2 protein chains.
Amino acid sequence: MLNSYSSADKVLLAVDCIIFGFDNEGLKILLIQRDFEPEKGKWSLIGGFLKRDEVLDSAATRILNTYTGLNDIYMEQLYAYSEINRDPVERTVSVSYFALINIENHNAELIQNYHAEWFPINDAPNLIFDHNEMVQNAIKRLRYKTSVKPIGFELLPEKFTMRQLLELYEAILSKELDKRNFISKINSLDILNKLDEKDMQSSRKGSYLYTFNKEKYEEKLQNNFALNL
Amino acid sequence: MLNSYSSADKVLLAVDCIIFGFDNEGLKILLIQRDFEPEKGKWSLIGGFLKRDEVLDSAATRILNTYTGLNDIYMEQLYAYSEINRDPVERTVSVSYFALINIENHNAELIQNYHAEWFPINDAPNLIFDHNEMVQNAIKRLRYKTSVKPIGFELLPEKFTMRQLLELYEAILSKELDKRNFISKINSLDILNKLDEKDMQSSRKGSYLYTFNKEKYEEKLQNNFALNL
DNA sequence: TATGTAAGTGTACAATCTACATTAATAATT
DNA sequence: AATTATTAATGTAGATTGTACACTTACATA
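Residues numbered from 1 in each chain as written. Chains lettered and ligands numbered in written order. Predicted model: local features only at pLDDT ≥ 70, side-chain atom pairs only at ≥ 80, totals over all residues. Heavy atoms only, no water.

Student: Could you give me a rundown of the nonpolar core, with the residues and numbers involved?
Tutor: With 54 residues, the main nonpolar core has Ile19 and Leu56 of chain A together with Ile19 and Leu56 of chain B as its most contacted residues. Excluding residues within four positions of it along the chain, Ile19 of chain A makes contact with Lys28, Ile29, Leu30, Ile46, Leu64, Ala99, Ile101 and Trp118 of chain A. Of all hydrophobic cores here, the second largest spans 43 residues; its members include Phe98, Leu127, Ile151 and Leu165 of chain B. (Core = buried A, V, L, I, M, F, W, Y, C linked by side-chain atoms within 4.5 Å. Buried < 20%, exposed > 50% of the residue type's maximum accessible area, 1.4 Å probe, protein only. Contact = heavy atoms within 4.5 Å.)

Next comes the structure, spelled out in structure tokens:
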């Protein structure tokens with residue numbers, strides 16, 4: 001019989017997380033140095049196995065929380081990788097997820113305990129299994145997402161300057177953007193609050209701080225806007 | 001230990017295929033009337049279980065071939081569905097794939113033998129499990145894809161008229177398109193061959209037939225063009 | 001008070017998108 | 001042979017959006 005549950009093969013299901021972060025040095029991903037075989041000591045995405053009573057989204061959330069201490073983070077399922085020998089120990093299909101986090105916010109101690117570390121996306125070590133491919137696909141998705149949603153605010157501190165936002169988008173898209181055009185496009189979205197406060201670190205003049213206005217954003221969401229940068 | 005293969009739970013992995021087709025009546029999906037329990041007699045996507053020695057893409061291809069007899073069909077992985085009780089018999093995670101096929105081309109006998117049937121996307125029966133959701137997500141993806149790739153040629157016969165192409169895109173996007181603007185946008189892509197032959201079915205005057213020019217398309221593919229319809 | 005640094009701001013031109021109506025070719029009918 | 005009915009084919013003007021580009025402002029520091 002074509003569809004028989006009993007004769008079907010079961011497999012291990014893993015979740016691997018591509019965790020993007022941003023700081024003044026640029027766009028980064030969080031990697032972990034494996035402390036178990038195989039490939040012990042090599043760099044890898046953070047991941048884990050799906051449990052019997054768990055949905056994939058929850059597994060991704062749990063794994064992120066385990067390593068960073070963070071909750072309520074935007075995560076998105078990307079793709080299922082199923083090459084037969086992608087994991088040499090046992091047939092494992094892995095579903096990748098990506099997350100965006102503010103590098104300042106996580107629990108640095110946790111990350112240290114797990115031998116995890118932030119790497120610039122353009123200067124990351126070689127990864128185990130098919131994790132390099134997972135990362136490349138996640139970067140593609142991240143780029144696409146920026147054009148459809150004002151994603152990326154997740155990667156900044158609550159208050160940020162236009163320059164920081166610009167540099168974030170430049171890092172994600174890995175191209176230079178025209179400052180004036182960028183600002184007017186962002187302003188035309190009308191989803192930021194300009195504060196009366198200035199950040200004085202960056203210049204003598206100081207630059208205004210902004211916050212992301214979630215209410216305005218939710219309002220606009222219906223007419224799903226595009227952002228052509 | 002956090003990552004231990006031996007203690008991890010295995011699950012069944014299924015593949016479900018959303019197969020789109022197009023004819024003069026509009027955009028359709030291929031559904032099957034289940035001949036086994038549970039939900040015997042109800043309508044469902046065609047699907048099957050992943051085998052131990054099989055990659056997800058191959059499973060999707062195999063399943064498509066089983067029911068339609070078709071090979072070499074464009075398929076794309078969509079999403080992994082993992083709700084705990086989505087399948088009442090046993091914990092099953094299902095990965096959805098979508099395919100585009102020309103309704104004329106398949107082996108109609110095979111389809112009949114399997115109690116499969118084409119349904120207009122707006123007039124399809126209620127489906128088992130989470131298959132309705134899968135279909136809705138596939139339609140979204142299909143719409144998105146049309147804007148990035150000149151997908152959809154797969155859904156037409158080899159020789160087609162501009163009107164057929166227009167109606168296909170209208171069916172996919174479920175909105176009316178301006179004929180002149182549509183034609184000039186398609187022409188500006190420069191990926192069609194205009195034949196000297198006319199289709200005389202549709203009108204007294206007859207309308208020119210076109211074929212999709214794969215070479216030109218491959219050439220252009222690098223500068224991934226957008227098609228804003 | 002002068003100087004240096006990054007912030008903030010507007011415009012003109014180019015490209016693209018949108019809305020829209022007439023003529024052309026032919027088969028069928030008389 | 002002429003008329004009619006039907007769908008195919010085609011272009012343009014105006015609106016919108018995107019792009020390239022340079023000077024002034026505010027302030028801290030010397």
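Student: Which residues make up the sheet that holds strand β9 (residues 192–199) of chain A, and what are the values?
Tutor: Residues and elements named next belong to chain A. Taking strand neighbours across the sheet as the criterion, the 3 strands line up as β8-β10-β9 in an open arrangement whose pairing is antiparallel. Looking along the sheet, the strands with just one partner apiece sit at the ends: β8 (160–161) and β9. As paired strands, β9 and strand β10 (residues 207–212) are joined by 5 bridges and run antiparallel to one another. When the bridges of β10 are listed, Leu192 appears paired with Phe212. (Pairing = 2+ DSSP bridges. Helix = DSSP H or I, 4+ residues; strand = E, 2+ residues; numbered from the N terminus.)

Student: Requested: an account of the interface of chain B and chain A, with residues and values cited.
Tutor: On the side of chain A, 44 residues touch chain B, which itself brings 44 residues to the contact. Each partner contributes to the roughly 3,900 Å² buried at the junction of chain B and chain A, and carbon and sulfur atoms together form 59% of this total. Our count for the contact surface shared by chain B and chain A stands at 4 salt bridges. A salt bridge links Lys10 of chain A to Glu90 of chain B; the nearest nitrogen and oxygen atoms lie 2.8 Å apart. Summed over the shared surface of chain B and chain A, the result is 17 residue pairs in polar contact (both at pLDDT 80 or more). Partitioning the side of chain B that touches chain A into residue classes produces 23 nonpolar, 8 polar and 13 charged. With 3 bridges connecting them, strand β1 (residues 10–23) of chain A and strand β1 (residues 10–23) of chain B associate as antiparallel partners. Note that in β1 of chain B the partner of Lys10 of chain A across the bridge is Leu12 of chain B. (Buried area = accessible area lost by both parts, 1.4 Å probe. Salt bridge = Lys/Arg side-chain N within 4 Å of Asp/Glu carboxyl O. Polar contact = N/O pair within 3.5 Å; in protein donor to acceptor, adjacent residues only side chain to side chain. Nonpolar A, V, L, I, M, F, W, Y, C, P; charged D, E, K, R; others polar.)

Student: Give a description of the domain arrangement of chain A that names residues and reports values.
Tutor: Residues and elements named next belong to chain A. Taken domain by domain, chain A holds domain 1 (12–148) and domain 2 (156–221). Here the C-alpha centroids of domain 1 and domain 2 sit 27 Å apart. With 6 residues of domain 1 at the contact, the number on the domain 2 side is 10 residues. Contact between domain 1 and domain 2 buries roughly 760 Å² in total, counting both sides, with carbon and sulfur atoms accounting for 70%. It is Phe22, Arg143 and Thr146 that lose the most area in domain 1 upon contact with domain 2, and together they represent 63% of the buried surface on that side. (Domains from an automatic or database assignment.)

Student: Can you explain helix α5 (residues 179–189) of chain B? Please cite residues and give values.
Tutor: Residue and element names in this part refer to chain B. Within α5, the full set of buried residues consists of Phe182, Ile186 and Leu189. The buried residues of α5 occupy an angular sector of 50 degrees when the element is viewed end-on, so they sit on one face. Within α5, the exposed residues directed more than 90 degrees away from the buried face are Arg180 and Ser188. Lining the buried residues of α5 we find α4 (162–173), β9 (192–199) and α6 (214–220). The residue sitting at the N-terminus of α5 and contributing the capping side-chain oxygen is Asp178; that oxygen lies 3.1 Å from the backbone nitrogen of Arg180. Directly after α5, the chain includes Asp190, whose backbone phi takes a positive value near 55 degrees. (Arc of directions from axis to C-beta.)

Student: Please set out the relation of the copies chain B and chain A residue by residue, giving values where relevant.
Tutor: Two copies of one chain are present, and they are related through a rotation about an axis combined with an axial shift. Superposing chain B onto chain A takes a rotation of 180 degrees plus a shift of 0.1 Å along the axis, which leaves an RMSD of 0.0 Å. Seen this way, the second copy is the image of the first under a two-fold rotation axis. Most of the interface of chain B is mirrored in chain A, where 100% of its interface residues again form contacts. (Least-squares fit on C-alpha atoms with pLDDT ≥ 70 in both.)

Student: Got a sec to walk through the protein's contact with DNA strand C? Specific residues and values, please.
Tutor: In the vicinity of DNA strand C lie 17 residues, with Arg163, Arg204 and Tyr208 of chain A together with Asn181 and Arg204 of chain B positioned nearest. The share of sugar and phosphate among atoms of DNA strand C within 4 Å of the protein is 39%. Between a phosphate oxygen of DNA strand C and a side-chain N or O atom of Asn228 of chain B, the distance comes to 3.0 Å. Among the residues making up the surface near DNA strand C, the classes are represented as 1 nonpolar, 6 polar and 10 charged. (Near = heavy atom within 4 Å.)

Student: Residues and numbers for the packing of helix α4 (residues 162–173) of chain A against helix α5 (residues 179–189) of chain A, please.
Tutor: Residue and element names in this part refer to chain A. Relative orientation of the contacting elements α4 and α5 amounts to 100 degrees, with a least axis distance of 11 Å. Between α4 and α5, the crossing angle belongs to the class labelled roughly perpendicular. Contact with α4, carried on its side by Met162, Arg163, Leu165, Leu166 and Tyr169, involves Lys179, Phe182, Ile183, Ile186 and Asn187 of α5 and no other residues of that element. In the contact of α4 with α5, the residues fall into 7 nonpolar, 1 polar and 2 charged. (Axes fitted to C-alpha atoms, helices over the stretch in contact; angles between N-to-C directions. Parallel < 35°, antiparallel > 145°, perpendicular 65-115°, else oblique.)

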